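So you can see what is in the structure, the chains are spelled out below.
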Amino acid sequence: MSTPLPLDDIRVIELGQLLAGPFCGQLLGDFGAEVIKVEDPGRGDPMRQWGREKPYGKSLWWPVVARNKKSVTVNLRTEQGQDLVRELIARADVLIENFRPGTLERWGLAPERLWEINPGLIVTRVTGFGQTGPYSSRAGYGSVGEAMGGIRYVTGDPDRPPARAGVSLGDSLAATFACLGTLVALHQRGRTGRGQVVDSAIYEAVLAMMESLIPEYQIAGYQRERTGTTLPNVSPSNVYPTADGEMVLIAANQDTVFRRLAEAMGRVELATDEKYATHGARGRWMEQLDGLVAEWSSTLAADDLLERLHAHGVPAGRIFRARDMLEDPHFASREAIVRLTHPGLGEFAMHNVVPKLSDSPGRVRHVGPELGEHNEDIYRDLLGLGDDAMASLRSAGVI
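Residues numbered from 1 in each chain as written. Predicted model: local features only at pLDDT ≥ 70, side-chain atom pairs only at ≥ 80, totals over all residues. Heavy atoms only, no water.

> Can you walk me through the nonpolar core in this structure?
Counting residues in hydrophobic clusters, the biggest one holds 43 residues, and the most contacted among them are I10, V12, C24, L28, A33, V94 and M350. Residue assignment for this core shows that the elements contributing at least two residues are α1 (20-30), α2 (62-65), β4 (94-97), β5 (122-127), α7 (169-192), α8 (202-207), β10 (337-342) and β11 (346-351). Of all the elements, α7 adds the most residues to this core, at 7 residues. Apart from residues no more than four positions distant in its own chain, C24 is found in contact with I96, T124, A175, A178, C179 and T182. Judged by nonpolar contacts, the second largest core, of 28 residues, contains L76, W107, L121 and I399. (Core = buried A, V, L, I, M, F, W, Y, C linked by side-chain atoms within 4.5 Å. Buried < 20%, exposed > 50% of the residue type's maximum accessible area, 1.4 Å probe, protein only. Helix = DSSP H or I, 4+ residues; strand = E, 2+ residues; numbered from the N terminus. Contact = heavy atoms within 4.5 Å.)

Here is the structure:
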């Protein structure tokens, strides 16, 4: 018998689409919440079509972001559809949405109205700029939030325009904070019996990751700039070449770790050289020190280099790609990648649940569902609709 999942007593209605809202739903579903995803009956979540690679016309992103969820179809632009969603919400703990502020209100689903039928409902709202403020009504994609939150400006090479990460960082951060806020709100509901709004803005989620960027400017007058593969005054911490053309990242910027790196290099004198003996000195002589490390690393094949670094307790590792992850023994030992069966694609590998809990871990039970796959289960079993009601909703295009 499988271990009970820690959130298996929580029901979530997910009205969001694309990534910022649905990733929050994915995180809750990973730990057992029953996530009922509400999709338009005509086209479903656009994420069903998104992704770089689509073998057999199928998105490889959808099975991941919609994992562990149930799919029902509802046309929220109809009065009957809005009534149907109210019936679902009356039986739920959490509502997730990531529409522009005011959209729920236009559909008659404002939090204040929903609390009339379900006082304990947590309404989790993920948007570009938040529910209030002069920018709240603007369209807000993750990329815009990344730019406004500060991470775009400091990412990339100094002689080029700001770069972006190769993943949807802003959306995922906002969704992660939305999940955190939802769990906090659920905990508070246990004390008060009342629900509340969780307001997660993409730009603020990005801003929360920006370390001391604000006081650096406000107090010290220092503006962080793009620095490419390094951080200012943090050395040695870079990607270095090897004799067989691989790339190895070495992070030995702490004093004690640098001494171990100097021993591994056979250059123990570097640890006492006034140019490299302290963190500050290494930062000032970063370019020269990087050259010394690169000159040494390029004489060794990657395997030999890593073996020597690990033996001396120096943090180091390859730059992993997907194929490296699928073949790596540590990934396998910790089950960082889980393999499921996709009905149209066969074996389907994806990242596992994070973080790992010792007594009540999360679990990926199934890949993302087909559009409306759970209409019968939810509308008949949960809401108690009969044949006539189901037929009427279908004929009217409500589901």
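Back to the text.
> Would you mind going over the pattern of salt bridges with me for this structure?
A side chain with one charge can pair with a side chain of the opposite charge if their charged atoms come near. Within the structure shown, the criterion is met by 25 salt bridges. Across the salt bridge formed by E14 and K37, the nearest N and O atoms sit 2.5 Å from each other. Of the two residues, E14 sits in strand β1 (residues 11-14) while K37 sits in strand β2 (residues 34-39), which places them 23 residues apart along the sequence. Take E14 and K37: they sit in the same class, and that class is buried. Note that E216 is salt-bridged to R224, the shortest N-O span being 2.8 Å. Here E216 and R224 have matching classes, each one buried. Sharing partners across several salt bridges, the network here consists of E14, K37, D45 and K69. (Salt bridge = Lys/Arg side-chain N within 4 Å of Asp/Glu carboxyl O.)

> I'm lost on the sheet that holds strand β9 (residues 316-318) in this one. Help?
Sheets are built from strands paired through backbone hydrogen bonds, the pairs being either parallel or antiparallel. The strand order across the open sheet formed by 3 strands is β7-β8-β9, and the pairing between neighbours is antiparallel. Of all the strands in the sheet, just β7 (237-241) and β9 have a single pairing partner and so form its edges. In this sheet, adjacent strand axes meet at a mean angle of 25° when their direction is disregarded. Direction of pairing for strand β8 (residues 247-251) relative to β9: antiparallel, over a ladder of 3 bridges. Residue pairing across strands places I250 opposite A316, the latter belonging to β9. With respect to the sheet, helix α12 (residues 286-297) is in contact with β7 and β8, its orientation differing from that of β7 by roughly 35°. (Pairing = 2+ DSSP bridges. Axes fitted to C-alpha atoms, helices over the stretch in contact; angles between N-to-C directions.)

> How should the pairing of β8 be read in this particular structure?
Two faces, one strand: in a regular strand the side chains alternate between the faces of the sheet. Side chains V248 and I250 project from β8 onto a buried face, and the interleaved M247, L249 and A251 project onto a face without burial. Between the end of β7 and the start of β8, which pair antiparallel, lie 5 residues, with G245 showing a positive phi angle near 80°.

> Please clarify how the sheet that holds β5 should be interpreted in this entry.
One open sheet accounts for 6 strands, arranged β3-β2-β1-β4-β5-β6; its pairing is parallel. Bordering the open sheet on either side are β3 (69-73) and β6 (197-201), each of which pairs with just one other strand. Taking each pair of neighbouring strands and ignoring which way they run, the sheet shows an average axis angle of 20°.

> What exactly am I supposed to notice about the side chain of R224 here?
Mapped onto the elements of the fold, R224 is located in the loop between α9 (213-218) and β7. At 3.4 Å, the side chain of R224 forms a polar contact with the side chain of S212. Of the polar contacts made by the side chain of R224, one reaches the side chain of E216; its length is 2.8 Å. Other than its neighbours up to four places away in sequence, R224 contacts Y153, V154, E211, S212, L213 and E216. (Polar contact = N/O pair within 3.5 Å; in protein donor to acceptor, adjacent residues only side chain to side chain.)

> What exactly am I supposed to notice about a nonpolar patch on the surface here?
Taken together, the side chains of W50, W61, Y141 and V144 present a nonpolar region at the surface, about 390 Å² in accessible area. The class of Y141 is exposed, set by a relative accessible area of 52%. (Patch = residues over 30% accessible without salt bridge, like charges linked within 9 Å, V, L, I, M, F, W, Y side chains within 5 Å. Areas by Shrake-Rupley, 256 points an atom, 1.4 Å probe, with all protein chains shown as cover.)

> Please explain the packing of helix α16 (residues 375-382) against helix α17 (residues 387-395) as it appears in this structure.
The description of two packed helices rests on the angle between their axes and on the distance between the axes. Running from amino to carboxyl end, α16 crosses α17 at an angle of 135°, the nearest separation of the two axes being 11 Å. Considering the angle they form, α16 stands oblique to α17. The interaxial crossing formed by α16 with α17 has right-handed handedness. Contact residues: N375, E376, Y379 and R380 in α16; D387, M390 and R394 in α17. Partitioning the contact of α16 with α17 into residue classes produces 2 nonpolar, 1 polar and 4 charged. (Parallel < 35°, antiparallel > 145°, perpendicular 65-115°, else oblique. Left-handed = near helix turned anticlockwise from the far one by under 90°. Nonpolar A, V, L, I, M, F, W, Y, C, P; charged D, E, K, R; others polar.)

> What's the story with unusual backbone geometry in this structure? I'm lost.
A negative phi angle is the norm for most residues apart from glycine, just as the trans form is the norm for most peptide bonds. The amide bond that connects S235 to the next residue, P236, takes the cis arrangement and shows omega of -5°. Counting through the fold element by element, P236 comes out in the loop between α9 and β7. With an omega of -5°, the peptide bond running from V354 to P355 counts as cis. Relative to the helices and strands, P355 resides in the loop between β11 and α16. Despite not being glycine, N233 shows a phi value in the positive range, around 65°. Along the chain, N233 falls in the loop between α9 and β7.

> What is the right way to look at the packing of aromatic side chains in this model?
Working definition: an aromatic ring pair is given by the centre-to-centre distance plus the angle between the planes. One pass over the full model with this rule turns up 4 aromatic pairs. Their ring planes at 80° and their centres at 6.1 Å tell us that F129 and Y135 sit as a pair that is edge-to-face. On the accessibility criterion, Y135 (35% relative accessible area) is partly exposed. With a centroid separation of 5.7 Å and 25° between ring planes, the pair formed by F320 and F331 is classed as stacked. Taken together, the residues span a long stretch of sequence, with F320 in the loop between β9 and α14 (322-327) and F331 in helix α15 (residues 329-333) at a distance of 11 residues. Through a chain of ring-to-ring contacts, the aromatic side chains of F129, Y135 and Y203 assemble into a single cluster. Directly above the aromatic system of Y135 lies the positively charged group of R138, at a separation of 3.8 Å from the ring centroid. (Phe/Tyr/Trp six-rings, centres within 6.5 Å; stacked < 30°, edge-to-face > 60°. Lys NZ or Arg CZ within 6 Å of the ring centre and 35° of its normal.)

Purely geometric stuff here, so don't read any function into it on its own.
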